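Breakdown of the fold
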Amino acid sequence: MKPVILLFVMLVGCCSSLPERNPLPDDLYHDAGIRGVPEARFWADEWPTFSIERMETYTDSDFKREYPAIYNKPHHYLAISGGGANGAYGAGVLEGWSKSGQRPEFTMVTGVSTGALTAPFAFLGSDYDDELRHVYTTTTTHDIATKRSLISAAFSDSITDTEPLKNLIAKNITEEMIEEIGVEHEGGRRLYIGTVNLDASRSVIWNIGAIAASDHPKKVELIRELMRASAAIPIAFPPVVIPIEASDGTMYDELHVDGGTGSQVFVYPASADWKEIARKLKVQGEPRVYVMRNSFLDPEYAGVPRKVFPIASRAIASLIRTQGVGDLYQIYALCERDGNDFNLAYIPSNFSEVPKEGFDPVYMTKLFEFGYKKGFDGYPWGKAPPGLILK
């Protein structure tokens, strides 16, 4: 055997260490789920059957009994987008909002990517502002991922290893927090995060509260892994393997990646009849939707070198920005259809600091404080997506 071929064979043998998968057969993927937690998740483009049945069969007494924390009360929904280190902005706004004394208790919180990491803290309220500040002002790139060698990456599922992120999530999303989330879920409040099922090429909404309130023996590990999956940028970060059970009881697995692959931010599926939901829950007043887009929305000019990687990077960044704007228009349209009050926050273009690395604690601290001041002073919520003229 020639030396070059021998070396290649040795490299393949040394580096191909990924465990074998047991993917769900395509004829079963509609019926698979988390063992013992039937309401753990649903497709982001469908309103789940269990919710439809509940709306059709529950009486007023049933709703009052099952949703005591949100029945016959004002509703406030918070949707937190992706954005990586820019999640420091939304975290800062939340703490400033708390300190102003004007922050409401959120009926429902949703999160994608870095928003999924913020969402549990936001859901549990201002008591967790200090923890959220710590996460978004002290985290470094090394706390998120470590680079693989070129050879290792070539035979792996990503160019980095997110074991550091796994440890960071485990340190900050404690068992006590998860128990608290479960208690709030039992009262009717909801915490959702988004991932993309890579096998199905479809967005999934995970009901974190339902998992937290369940008797699932590995619910703590599962919730933490779902949060890691929601931030698993394809190619850059490894996908997360989620064990699931088919209707016949056979165990399989799915690959889940960054929820931003499907949408940068979400509130609820367009197929949900939210007017009917609000009527059945006897919501007081107009439900308020607060969207935190952890990103700049204005396009930024920069000369791009005529090289593959700068071109690819710039193209992806442009795609994410425009996708994010499109998501805002969808949420606005749903608010108009369903009678919800739309409120938008995003990083304004007058914030001019530039990070020195992917997760630069100096940059993140300045961005956090910038968001804090805006939240404390009374956030100037946008009433429509950028570019839309209201008459």
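Here, every reference points to the structure presented above.
Before going into details, it helps to say that this report is about the structure given with it. (Residues numbered from 1 in each chain as written. Predicted model: local features only at pLDDT ≥ 70, side-chain atom pairs only at ≥ 80, totals over all residues. Heavy atoms only, no water.)

As a further point, take the overall build of the chain. What the chain contains, in helices and strands, is 14 helices and eleven strands. Against the globule reference of 21 Å for 391 residues, the chain gives a C-alpha radius of gyration of 22 Å, in line with a compact fold. Along the longest, intermediate and shortest principal axes, the C-alpha atoms of the chain span 75 × 55 × 40 Å. Evaluated residue by residue, the chain yields a buried proportion of 50% over its 391 residues. Here the contacts in the chain between residues at least 6 apart in sequence split such that 77% fall between residues at least 24 apart. Of the roughly 19,300 Å² of accessible surface on the chain, 56% is carried by carbon and sulfur atoms. Measuring between centres, the 39 positive side-chain charges of the chain sit 6 Å from its 51 negative side-chain charges. (Helix = DSSP H or I, 4+ residues; strand = E, 2+ residues; numbered from the N terminus. Rg over C-alpha atoms; globule rule 2.2 N^0.38 Å. Buried < 20%, exposed > 50% of the residue type's maximum accessible area, 1.4 Å probe, protein only. Contact = heavy atoms within 4.5 Å. Areas by Shrake-Rupley, 256 points an atom, 1.4 Å probe, with all protein chains shown as cover. Lys, Arg positive; Asp, Glu negative; His and termini not counted. Charge placed at Lys NZ, Arg CZ, Asp CG, Glu CD.)

On to the environment of Gly-36. Assignment of secondary structure puts Gly-36 in the loop between helix H1 (3-15) and strand E1 (41-43). When the C-alpha positions of Gly-36 and Ser-214 are compared, they lie 7.7 Å apart, and in sequence the two are 178 residues distant.

Of all hydrophobic cores here, the largest spans 71 residues; its most connected members are Leu-78, Val-109, Tyr-136 and Trp-206. Setting aside residues no more than four positions away along its own chain, Trp-206 makes contact with Ile-34, Ala-40, Arg-41, Leu-191, Tyr-192, Ile-193, Thr-195, Ile-211, Leu-226, Ile-242 and His-256. In this structure, Phe-63, Tyr-77, Val-265 and Ala-272 belong to the second largest nonpolar core, which totals 35 residues. (Core = buried A, V, L, I, M, F, W, Y, C linked by side-chain atoms within 4.5 Å.)

This brings us to helix H9 (residues 175-187). Over its 13 residues, H9 extends 19 Å from the first C-alpha to the last, a length consistent with the 18 Å expected when each residue adds 1.5 Å. Those residues of H9 not exposed but buried are Met-177, Ile-178, Ile-181, Gly-182, His-185 and Gly-187. Among the residues trailing H9, Gly-188 stands out with phi positive, at a value near 115°. (Expected span 1.5 Å × (residues − 1).)

Successive residues of a regular strand alternate their side chains across the two faces of the sheet. Where strand E8 (residues 240-245) lies against strand E9 (residues 251-258), six bridges are found, and the strand directions are antiparallel. When the bridges of E9 are listed, Val-241 appears paired with Leu-255. Joining the antiparallel neighbours E8 and E9 is a turn of five residues, in which Gly-249 adopts a positive phi near 90°. (Pairing = 2+ DSSP bridges.)

Further remarks concern the environment of Val-93. Along the chain, Val-93 turns up in helix H4 (residues 87-100). Each C-alpha atom of the pair Val-93 and Phe-368 lies 7.5 Å from the other, and the pair is 275 residues apart in sequence. For Val-93, the contacting residues outside a window of four places in its chain are Met-292, Gly-371, Tyr-372, Gly-375 and Tyr-379.

Right, let's talk about helix H13 (residues 308-338) for a bit. With 31 residues, H13 ought to run about 45 Å at 1.5 Å a step, and its terminal C-alpha atoms sit 45 Å apart, in line with that. When H13 is considered as a whole, its buried residues turn out to be Gly-324, Val-325, Asp-327, Leu-328, Ile-331, Tyr-332, Leu-334, Cys-335 and Asp-338. The inward-facing, buried residues of H13 contact helix H12 (274-280), strand E10 (288-296) and strand E11 (341-347). A positive backbone phi angle near 80° is found at Gly-339, which sits one or two residues after H13.

Orientation of H9 relative to helix H11 (residues 219-230), taken along the N-to-C sense of each, is 90°, at an axis distance of 10 Å. By the angle class used here, H9 and H11 are roughly perpendicular. Counted together, Glu-175, Ile-178 and Glu-179 of H9 and Lys-219, Val-220, Ile-223 and Arg-224 of H11 form the full contact between these two elements. Of the residues assigned to the contact of H9 with H11, the class counts are three nonpolar, no polar and four charged. (Axes fitted to C-alpha atoms, helices over the stretch in contact; angles between N-to-C directions. Parallel < 35°, antiparallel > 145°, perpendicular 65-115°, else oblique. Nonpolar A, V, L, I, M, F, W, Y, C, P; charged D, E, K, R; others polar.)

Right, let's talk about the pattern of salt bridges for a bit. Close approach of charged atoms allows side chains of opposite charge to pair. Under the criterion given, the structure shown has 24 salt bridges. Lys-282 is the salt-bridge partner of Asp-60, the closest N and O atoms lying 3.8 Å from each other. Placement of Asp-60 in helix H3 (residues 60-66) and of Lys-282 in the loop between H12 and E10 is noted, with a sequence separation of 222 residues between them. For Asp-129, the salt bridge goes to Arg-103, with nearest N and O atoms at 3.1 Å. With a gap of 26 residues between them, Asp-129 in helix H6 (residues 129-138) and Arg-103 in the loop between H4 and strand E3 (108-112) connect regions that are remote in the sequence. Accessibility assignment for this pair places Asp-129 and Arg-103 in one class, buried. Salt bridges sharing common partners tie together Glu-95, Lys-99, Arg-133 and Glu-369. (Salt bridge = Lys/Arg side-chain N within 4 Å of Asp/Glu carboxyl O.)

How two aromatic rings sit relative to each other is set out by the distance from centre to centre and by the angle between their planes. The final tally for this structure, using the stated rule, is 19 aromatic pairs. Judged by centre distance (5.0 Å) and plane angle (70°), the ring pair of Trp-97 and Tyr-290 falls under edge-to-face. Here Trp-97 is found in helix H4, whereas its partner Tyr-290 is found in strand E10, with 193 residues between them in sequence. Exposure class is identical for Trp-97 and Tyr-290. Each is buried. Arg-133 extends its terminal NZ or CZ atom over the ring of Tyr-372, reaching a point 5.9 Å from the ring centre. (Phe/Tyr/Trp six-rings, centres within 6.5 Å; stacked < 30°, edge-to-face > 60°. Lys NZ or Arg CZ within 6 Å of the ring centre and 35° of its normal.)

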